[in-house]
Amino acid sequence: MARDELLQIRISTPEKERLQLEAARRGVSMSEVIRDYIKRLPKSTKEL
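Residues numbered from 1 in each chain as written. Predicted model: local features only at pLDDT ≥ 70, side-chain atom pairs only at ≥ 80, totals over all residues. Heavy atoms only, no water.

Quick notes on the overall build of the chain
What counts, and what does not: Secondary structure elements follow DSSP: runs of H or I no shorter than four residues count as helices, runs of E no shorter than two count as strands, and numbering proceeds from the N terminus. The classification of residues rests on relative accessible area computed with a 1.4 Å probe and restricted to protein chains. Under 20% of the type maximum is buried, over 50% is exposed, and intermediate values are partly exposed. Accessible surface area values rest on a Shrake-Rupley calculation with a 1.4 Å probe, where residue burial reflects the displayed protein chains alone.
A count of helical and extended segments in the chain gives two helices and zero strands. By principal-axis analysis of the C-alpha atoms, the chain measures approximately 35 × 25 × 20 Å. By residue count, 8% of the 48 residues in the chain fall in the buried class. Of the roughly 5,000 Å² of accessible surface on the chain, 53% is carried by carbon and sulfur atoms.

Thoughts on the UniProt feature "domain: Ribbon-helix-helix protein CopG" (unreviewed entry) in the chain
Note the following rule: UniProt positions are given in the numbering used here, feature names are shortened, and annotations may be inferred rather than shown by experiment.
Those residues carrying the UniProt feature "domain: Ribbon-helix-helix protein CopG" (unreviewed entry) are residues 6–40 in this numbering. A helix fraction of 71% and a strand fraction of 0% characterise residues 6–40, whose end C-alpha atoms lie 19 Å from each other.

Some thoughts on the pattern of salt bridges
Spelled out, the test is: By definition, a salt bridge exists where a carboxyl oxygen of Asp or Glu is found within 4 Å of a side-chain nitrogen of Lys or Arg.
Scanning the model with the defined rule gives six salt bridges in all. Its salt-bridge partner being E22, residue R25 comes within 2.6 Å of it at the nearest N-O pair. Taken together, the positions of R25 and E22, both in helix α1 (residues 13–26) and three residues apart, correspond to about one turn of that helix. Sharing partners across several salt bridges, the network here consists of E22, R25, R26, D36 and R40.

Notes on the packing of α1 against helix α2 (residues 30–40)
For clarity, the threshold we go by: To get an axis, a line is fitted to the C-alpha atoms, and for a helix only the part in contact is used. The angle between two axes follows their N-to-C directions and goes from 0 to 180 degrees. Roughly parallel here means an angle under 35 degrees, roughly antiparallel means over 145, roughly perpendicular means 65 to 115, and every remaining angle is called oblique. In this analysis, two residues are considered to be in contact whenever any of their non-hydrogen atoms come within 4.5 Å of each other. Following the grouping adopted for this structure description, the nonpolar residues are Ala, Val, Leu, Ile, Met, Phe, Trp, Tyr, Cys and Pro, the charged ones are Asp, Glu, Lys and Arg, and the polar ones are all others, Gly among them.
For the pair α1 and α2, the least separation of the axes is 8 Å and the interaxial angle reads 90°. In terms of their interaxial angle, α1 and α2 are classed as roughly perpendicular. Here K16, L19, Q20, E22, A23 and R26 of α1 come into contact with α2, specifically with M30, V33, I34 and D36. Along the lines of polarity and charge, the residues of the contact of α1 with α2 split into five nonpolar, one polar and four charged.

Pasting the structure below:
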């Protein structure tokens, strides 16, 4: 799947620390943790 979209968000320092810890625990990037979470979201009716 091509990744041609860029999303910038603002998060708090504690949120970033949690994200970094989870990424380190999994051995992946912070972006990969977020992409994995998005994959788990329910599909919209538009996608079905």
